[in-house]
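The primary structure of each chain is shown beneath.
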Amino acid sequence: AQSVTQPDIHITVSEGASLELRCNYSYGATPYLFWYVQSPGQGLQLLLKYFSGDTLVQGIKGFEAEFKRSQSSFNLRKPSVHWSDAAEYFCAVGADSSASKIIFGSGTRLSIRP
Amino acid sequence: NAGVMQNPRHLVRRRGQEARLRCSPMKGHSHVYWYRQLPEEGLKFMVYLQKENIIDESGMPKERFSAEFPKEGPSILRIQQVVRGDSAAYFCASSLWENEKLFFGSGTQLSVL
């Protein structure tokens, strides 16, 4: 069965510091992988997705993620965070791109220290 | 170009009452998805609808929950005889085609007293 784990419930980083949010998945074949961001009071917004090809994926807002099959991971990174990046981040996995089949992780809340 | 609109933003109901949550998809989108987010959890898929059709309701509880997406008007998620465990954020998303990029609304926070 598919599953996705975000080990960190809450992370605080200083503005300007680098960021890495962890995501591990369980799936038999090559999964479809997504990162979404949820700002306070807002719906989810897709940051990036991986289906195939280059394992380093560039997304919006300066984020990137790397698919590592050997580690079953799809960690999200940003070299320098901004205060506006404070939000909840969700990793998601699916057998395909079907919205009804996507499994979301429990999220990581990112706080930014001034 | 309005995004996905959900109303109300907040809905308070007493146990046993009915809750009706509305979702207007983005203009031109005919695919609507409903998700539920419990505290400290990720979104859980509930139901996928196209105009006048339920395509996949595998995530919907078997009782008290129903959804529709009529030919005209918004999609409605209806919860009858609400219980405290129904308290959650309910998100709607829409897409232009099946399996295309999802656009999410800002959700309805349902609180059951």
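See the structure above.
The rules behind these values
Residues numbered from 1 in each chain as written. Chains lettered and ligands numbered in written order. Predicted model: local features only at pLDDT ≥ 70, side-chain atom pairs only at ≥ 80, totals over all residues. Heavy atoms only, no water. Helix = DSSP H or I, 4+ residues; strand = E, 2+ residues; numbered from the N terminus. Buried < 20%, exposed > 50% of the residue type's maximum accessible area, 1.4 Å probe, protein only. Contact = heavy atoms within 4.5 Å. Areas by Shrake-Rupley, 256 points an atom, 1.4 Å probe, with all protein chains shown as cover. Buried area = accessible area lost by both parts, 1.4 Å probe. Nonpolar A, V, L, I, M, F, W, Y, C, P; charged D, E, K, R; others polar. Core = buried A, V, L, I, M, F, W, Y, C linked by side-chain atoms within 4.5 Å. Pairing = 2+ DSSP bridges. Salt bridge = Lys/Arg side-chain N within 4 Å of Asp/Glu carboxyl O.

Asker: Explain the overall build of chain A here, please?
Answerer: Regarding its fold elements, chain A presents zero helices and 12 strands. The order of helices and strands in chain A, counted from the N terminus, is β-β-β-β-β-β-β-β-β-β-β-β. In terms of overall dimensions, chain A has a C-alpha envelope of 40 × 30 × 25 Å along the principal axes. For chain A, with 114 residues in total, the buried portion stands at 46%. Taking the contacts inside chain A whose residues are at least 6 apart along the sequence as the reference set, 54% of them involve residues at least 24 apart. When the accessible surface of chain A is summed, it comes to about 5,300 Å², and 48% of that surface belongs to carbon and sulfur atoms.

Asker: What exactly am I supposed to notice about the interface of chain B and chain A here?
Answerer: A common way to state how big an interface is: give the accessible area lost once the parts meet. On the chain A side, the residues contacting the 18 residues of chain B number 17 residues. Taken over both partners, the interface formed by chain B and chain A buries close to 1,400 Å², and the fraction arising from carbon and sulfur atoms is 56%. Counting the surface chain B buries against chain A, the share from its top three residues, Leu43(B), Asn99(B) and Phe104(B), is 33%. A per-class count over the side of chain B that touches chain A returns eight nonpolar, five polar and five charged.

Asker: How should the nonpolar core be read in this particular structure?
Answerer: Looking at soluble globular proteins, one finds that nonpolar side chains tend to be buried together. If you look at the biggest cluster of nonpolar residues, it comprises 26 residues, and the most contacted ones within it are Leu19(A), Trp35(A), Leu47(A), Leu48(A), Phe74(A), Leu76(A) and Tyr89(A). Elements represented by at least two residues in this core include exactly β2 (10-14), β3 (19-21), β5 (32-38), β6 (44-50), β8 (64-68), β9 (73-78), β10 (87-94) and β12 (108-113) of chain A. Among the elements that line this core, the one with the most residues is β10(A), at four residues. With residues near it in sequence (within four places) discarded, Phe74(A) still touches Cys23(A), Leu33(A), Phe34(A), Trp35(A), Leu48(A), Tyr50(A), Val57(A), Ala65(A), Glu66(A) and Phe67(A). Residues Met60(B), Phe69(B), Tyr90(B) and Val112(B) belong to the second largest nonpolar core, which totals 23 residues.

Asker: Teacher, can you tell me more about the pairing of β9(A) here?
Answerer: Successive residues of a regular strand alternate their side chains across the two faces of the sheet. All names here are of chain A. Of all six residues making up β9, five are buried, and the element is well covered by its neighbours. Pairing between β3 and β9: three bridges, direction antiparallel. Bridge pairing in β9 links leucine 21 to leucine 76. Pairing of β8 with β9, which is carried by five bridges, proceeds in the antiparallel orientation. Bridging from a neighbouring strand, lysine 68 pairs with serine 73 of β9. Counting the residues that bridge the hairpin from β8 to β9 gives four residues, and of these serine 72 lies at a positive phi of roughly 50°.

Asker: I tried to follow the pattern of salt bridges on my own but got confused; where do I start?
Answerer: Side chains that differ in charge, positive against negative, can pair when their charged atoms come close. The full count for this structure, using the stated rule, is eight salt bridges over all chains. Glu41(B) serves as the salt-bridge partner of Lys44(B), at 3.4 Å between the closest nitrogen and oxygen. Judged by its relative accessible area of 46%, Lys44(B) is partly exposed. Exposure remark for Glu41(B): the relative accessible area of 32% places this residue in the partly exposed category. Between Asp86(B) and Arg64(B) there is a salt bridge whose closest N-O contact spans 2.7 Å. With Asp86(B) in the loop between β8 (75-79) and β9 (88-95) and Arg64(B) in the loop between β6 (53-56) and β7 (65-68), this residue pair connects regions lying 22 residues apart in the sequence. For Arg64(B), a relative accessible area of 25% corresponds to the partly exposed category. Residues joined in a network through salt bridges with shared partners are Glu64(A), Glu66(A) and Arg77(A).

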